[in-house]
Amino acid sequence: MEISMPPPQIYVEKTLAIIKPDIVDKEEEIQDIILRSGFTIVQRRKLHLSPEQCSNFYVEQYGKMFFPNLTAYMSSGPLVAMILARHKAISYWLELLGPNNSLVAKETHPDSLRAIYGTDDLRNALHGSNDFAAAEREIHFMFPEVIVEPIPIGQAAKDYLNLHIMPTLLEGLTELCKQKPADPLKFRSGWHLEAPSSQASCQSSCT
């Protein structure tokens, strides 16, 4: 008896990279290094986070001594967030970054990005996701519309739909019932572009 096996799912791993506020003027230089290292920059976004948003992003560090200084540093000016993709993107990007402490990096990994661009243990120039779970959470934080492969199934898929799709869909259908347009499809497509939820996601500069 022949057993039919589903085809293997092939996906390119993604990670989140952040160019921190004190070195955004080196963005072009750093992007060149990223591309020459075999990464693809899937999405890029320049934004200025509030201290509260920084606290939410670094929630796992909450309660540590350096946390107030970290949120102050990360909200001190614009930063650049990027989704990077390549084979083993998470581990390769961390390797390229070097140790978290730039002072250590300068001694042990002098060619790493944090050794070159970082200042000390706090102002270490760049961020990289530590593992797949962190990459998924951080990418969703910076790029809410992006689905990180592998495509979620089961409860994970339901959670994604409830969080990102259903609110906008419900808002649009409610407005459709109120307006009762002659051409519902045309109204729906036009409404989506003008909807507050769609406009909010485009207020920051994205490329």
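Note that residues are indexed from 1 along each chain, following the sequence as it is written. Restriction of local features to residues with pLDDT of at least 70 applies here, the model being predicted, together with a cutoff of 80 or more for giving and counting side-chain atom pairs; totals for whole chains, interfaces and linings are based on all residues. Hydrogens and water are ignored here; the side-chain numbers use all heavy atoms of the structure.

Under an unreviewed UniProt entry, the protein has the name NME/NM23 family member 5 and belongs to Macaca fascicularis. UniProt positions are given in the numbering used here, feature names are shortened, and annotations may be inferred rather than shown by experiment. UniProt annotates the protein under Sequence similarities (unreviewed entry) with the comment "Belongs to the NDK family."

Caption draft 1: Summary view of the overall build of the protein. Counting from the N terminus, the helices are DSSP H or I runs at least four residues long and the strands are E runs at least two residues long. The secondary structure content of the protein amounts to ten helices and five strands. Here, Shrake-Rupley sampling with a 1.4 Å probe gives the accessible areas, and only protein chains in the shown set may cover a residue. Surface summary for the protein: the accessible area is close to 12800 Å², and the carbon and sulfur share equals 58%.

Caption draft 2: Here's a closer look at the pattern of salt bridges. Each salt bridge in this description consists of a side-chain nitrogen of Lys or Arg and a carboxyl oxygen of Asp or Glu lying within 4 Å of one another. Evaluation of the coordinates by the stated rule reveals three salt bridges. Across the pair Arg44 and Glu27 runs a salt bridge, and its minimum N-O distance is 2.6 Å. With Arg44 in strand β2 (residues 40-47) and Glu27 in helix α1 (residues 27-36), the pair connects residues that are 17 residues apart, well separated along the chain.

Caption draft 3: Here's a closer look at the nonpolar core. Judged by nonpolar contacts, the single largest core of 18 residues is most densely connected at Leu16, Ile18, Met74, Leu79, Ala81, Met142 and Phe143. Elements with a contribution of two residues or more to this core: β1 (14-19), α2 (51-57), α3 (67-74), β3 (79-85) and α7 (132-142). When residues of this core are assigned to their parent elements, the largest contribution, four residues, is made by α3. Ignoring sequence-local partners within four residues, the contact set of Phe143 consists of Leu16, Gln43, Arg44, Arg45, Ala81, Met82 and Ile83. Residues Ala89, Trp93, Tyr117 and Ala125 belong to the second largest nonpolar core, which totals 17 residues. In these notes, a set of buried Ala, Val, Leu, Ile, Met, Phe, Trp, Tyr and Cys residues joined through side-chain atoms within 4.5 Å is what counts as a nonpolar core. Under the scheme applied here, a residue whose accessible area is under 20% of the maximum for its type counts as buried, over 50% as exposed, and between as partly exposed, the area being computed with a 1.4 Å probe on protein chains only. Throughout, a contact is declared for two residues whenever any of their heavy atoms are within 4.5 Å.

Caption draft 4: Summary view of the packing of aromatic side chains. Side-chain rings of Phe, Tyr and Trp (the six-membered ring for Trp) are treated as a pair once their centres are within 6.5 Å; stacked means planes under 30 degrees apart, edge-to-face means over 60, and tilted covers the remaining angles. Inspection of every chain in the model, using the stated rule, returns four aromatic pairs. For the pair Phe57 and Tyr58, a centre-to-centre distance of 4.9 Å together with 85° between the ring planes defines the contact as edge-to-face. Neither residue differs from the other here; Phe57 and Tyr58 are each classed as buried. Arranged with centres 5.4 Å apart and planes meeting at 80°, the rings of Tyr62 and Phe67 form a pair that is edge-to-face. Residue classification places Phe67 among the buried positions, given a relative accessible area of 8%. Members of the aromatic cluster, connected to one another through ring pairs, are Phe57, Tyr58 and Phe141. A cation over an aromatic ring shows up here: Arg86 above the ring of Phe39, its NZ or CZ 5.5 Å from the ring centre. Our definition puts a charge over a ring when NZ of Lys or CZ of Arg is within 6 Å of the ring centre and also within 35 degrees of the ring normal.

Caption draft 5: Highlighting the side chain of Asn124. Along the chain, Asn124 turns up in the loop between α6 (113-117) and β4 (126-128). From its side chain, Asn124 meets the backbone oxygen of Asn100 in a polar contact 3.0 Å long. By the criterion applied in these results, polar contacts are pairs of N or O atoms within 3.5 Å in which, for protein atoms, one can donate a hydrogen and the other can accept it, and in which residues neighboring in sequence qualify only through two side-chain atoms.

Caption draft 6: Just α7, in detail. Those residues of α7 not exposed but buried are Ala134, Ala135, Glu138, Ile139 and Met142. An end-on view of α7 places all buried positions within 125° of arc, on one side of the element. Between a side-chain oxygen at the N-terminus of α7 and the backbone nitrogen of Ala133 the separation is 3.3 Å; the capping residue is Asp131. Here the arc refers to the set of directions running from the helix axis out to each C-beta atom.

Caption draft 7: Local environment of the environment of Thr108. In this fold, Thr108 is placed in helix α5 (residues 102-108). Thr108 sits ten residues away from Gly98 along the chain, and the two C-alpha atoms are 8.7 Å apart.

Caption draft 8: Quick peek at the pairing of β1. Within β1, six of the six residues are buried, leaving the element largely enclosed by the surrounding structure. The side-chain alternation of β1 yields two buried faces, one formed by Lys14, Leu16 and Ile18 and the other by Thr15, Ala17 and Ile19. Only strands joined by at least two bridges in the DSSP assignment are considered to pair. Sheet analysis places β1 next to β3, joined by six bridges and oriented antiparallel. Along β3, the bridge assignment pairs Leu16 with Ile83. Strand direction decides the pairing type here: β1 and β4, joined by three bridges, are antiparallel. Bridging from a neighbouring strand, Ile19 pairs with Leu126 of β4.

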